[in-house]
Amino acid sequence: MTRFPQPVQDAAEKFSVVFHDAVAYEGALGGAWAPGRVNLIGEHTDYNEGFVLPLAVDRVAAFAGRVRNDGVVRLWSVHFNEYAQFSLADLPESFEQQRAMLPGWARYILGVVTELIQARVSIKGFDAVVGGDVPLGGGMSSSAALEVATAYACSLFSAGNFTIGADGAAFTPLQIAALCQQAEHRASGLRSGILDQAASCLGKPGKAILLDCRSLGYRYLPFDRPELSLMVIDTSVRRELAASAYNERRSQCEEATRLLRELIVQNEPAHKEASEIKSLRDISQAQFEHYKSYLPAILQQRAGYIIAENKRVLRVAELLEQGNVEAVGPLLWQGHAGLRDEYEVSCTELDVLVEIAQQVPGVLGARMMGGGFGGCTINLVRNSAIETLSQAVAQQYQARTGYQASVDICRAAGGPGWAFFNDSPS
Ligand code: GAF
């Protein structure tokens, strides 16, 4: 029998302490959880309709709650020791007004509930404790995990009226991922792609997920070599400009696509219809090389990185399929160089961590992970190198940057779960 992850059990224990006033709850205490993710490769390709290759990890956002029927949602955050409340009345219209009154973490929950209401899911209200062990803001997508856990909790509370599953359910897991992506846009203003939410929804133990962000087709690839580990090293740097720079990169890619489309359609009418070129993914390396000099330098860099990164993702997928995980390493180093020099989303602290990793024998590859400007690196290492890399980081990182890094080891893990505490978890 599956067990509730420890953070869900912790949240459930906290529930009776926090919500001790006499609410006449309709149903039993339920728990829901969803994993964070690491992304092996395929950075900033998701909103360019390209390919990504993430894994869900063994860290979850946790949710424990009970339904109430008065249209109120009350929340307690274990991480922030903080209470928040919002009303379901007049959502989605009241969203902006209510969002402004809420702390950041609760906005993701309001975002998901609002998207569900917009999708005509009936929600009565609930009290919940939220917690988990995905490091907050540390590059493992704690916000996407919270969004997905919220959606699954709402499904649990709906008494079978809002189901999520493969066949015959109201929503597939990928539809939930898309809904949570919209919730992220609402909650944070980040025009993010679907990478984080999809990885959380689709996680499978021992598997990486090759996702086509255009068709949303996906395939599981083996990622279960016991002598290799994925180390996530957190710079502990968070930068405010990250969201605006992210949205700027997205606009630059859209602009590069538009210009390249014009050039290709003007010059190769026999080959391409304008409507066939929707994103950078539709432009071949040869076409890019041919036309790039007509683009402003900055757009050459941005588009060049995305086109090369999509190729790297597909190459890594081939290597995983062949069981040749060792050969993935060089593509990670290359990915980092592209993110640093062409896409310009790295920062000194991320570069220092990658440089340190490069000196350690047994580190097969490393690169910055996620949106950038802080957050973490992902390192593919032989188990025999874990200790040496940890020590090298401890000795050099703070001295070179003034920040303290933290090191975590992750395994490819399963997707969301949800159950009442008096049932067996699903
Ligand atoms: C962030 C976004 F949320 C993702 O959609 C993705 O674009 C990633 O940055 C970069 O690959 O995590």
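Below is a summary of the structure that appears in this document. Computed from a predicted structure; not experimentally measured.

### Observations concerning the nonpolar core
Part 1 of the argument: Counting residues in hydrophobic clusters, the biggest one holds 131 residues, and the most contacted among them are Leu 53, Phe 63 and Ala 149.
Part 2 of the argument: The element contributing the most residues to this core is strand 2 (residues 51-67), with 12 residues.
Part 3 of the argument: Leave out the neighbours within four places in its chain, and Leu 53 touches Asn 39, Leu 40, Ile 41, Gly 42, Ala 208, Ile 209, Leu 210, Val 313, Val 316 and Ala 317.

### Focus on the sheet that holds strand 10 (residues 376-382)
Part 1 of the argument: Ordered in space as 9-10-8-11, the four strands form an open sheet in which the pairing is antiparallel. Edge positions in the sheet fall to strand 9 (363-369) and strand 11 (406-410), since each of these pairs with one other strand and no more. Put simply, the sheet's adjacent strands are angled 25 degrees from each other on average, direction ignored.
Part 2 of the argument: Note: strand 8 (residues 228-234) against strand 10, seven bridges, orientation antiparallel.

### Side note on the site of the ligand
Part 1 of the argument: Around the ligand, the surrounding shell consists of Glu 43, His 44, Asp 46, Tyr 47, Ser 192, Gly 193, Leu 195, Asp 196, Gly 370 and Gly 371.
Part 2 of the argument: Among the residues forming the shell around the ligand, the class breakdown is two nonpolar, five polar and three charged.

### Quick notes on helix 12 (residues 386-401)
Part 1 of the argument: Look at helix 12: 21 Å from first C-alpha to last across 16 residues, which is about the 22 Å you get at 1.5 Å a residue.
Part 2 of the argument: In the structure, helix 12 departs most strongly from a straight axis at Val 393, where the bend amounts to approximately 30 degrees.
Part 3 of the argument: Those residues of helix 12 that sit buried are Leu 389, Val 393 and Tyr 397.
Part 4 of the argument: The inward-facing, buried residues of helix 12 contact strand 8, helix 11 (348-358), strand 9, strand 10 and strand 11.
Part 5 of the argument: Of the residues one or two after helix 12, Gly 402 is the one with positive phi, at around 85 degrees.

Cut-offs applied
- Residues numbered from 1 in each chain as written.
- Predicted model: local features only at pLDDT ≥ 70, side-chain atom pairs only at ≥ 80, totals over all residues.
- Core = buried A, V, L, I, M, F, W, Y, C linked by C-beta atoms within 7 Å.
- Buried ≥ 20, exposed ≤ 12 C-beta atoms within 10 Å, placed from the backbone.
- Helix = DSSP H or I, 4+ residues; strand = E, 2+ residues; numbered from the N terminus.
- Contact = placed C-beta atoms within 7 Å.
- Pairing = 2+ DSSP bridges.
- Axes fitted to C-alpha atoms, helices over the stretch in contact; angles between N-to-C directions.
- Near = placed C-beta within 6 Å.
- Nonpolar A, V, L, I, M, F, W, Y, C, P; charged D, E, K, R; others polar.
- Expected span 1.5 Å × (residues − 1).
- Bend = angle between axes of the 7 residues up to and from the residue.

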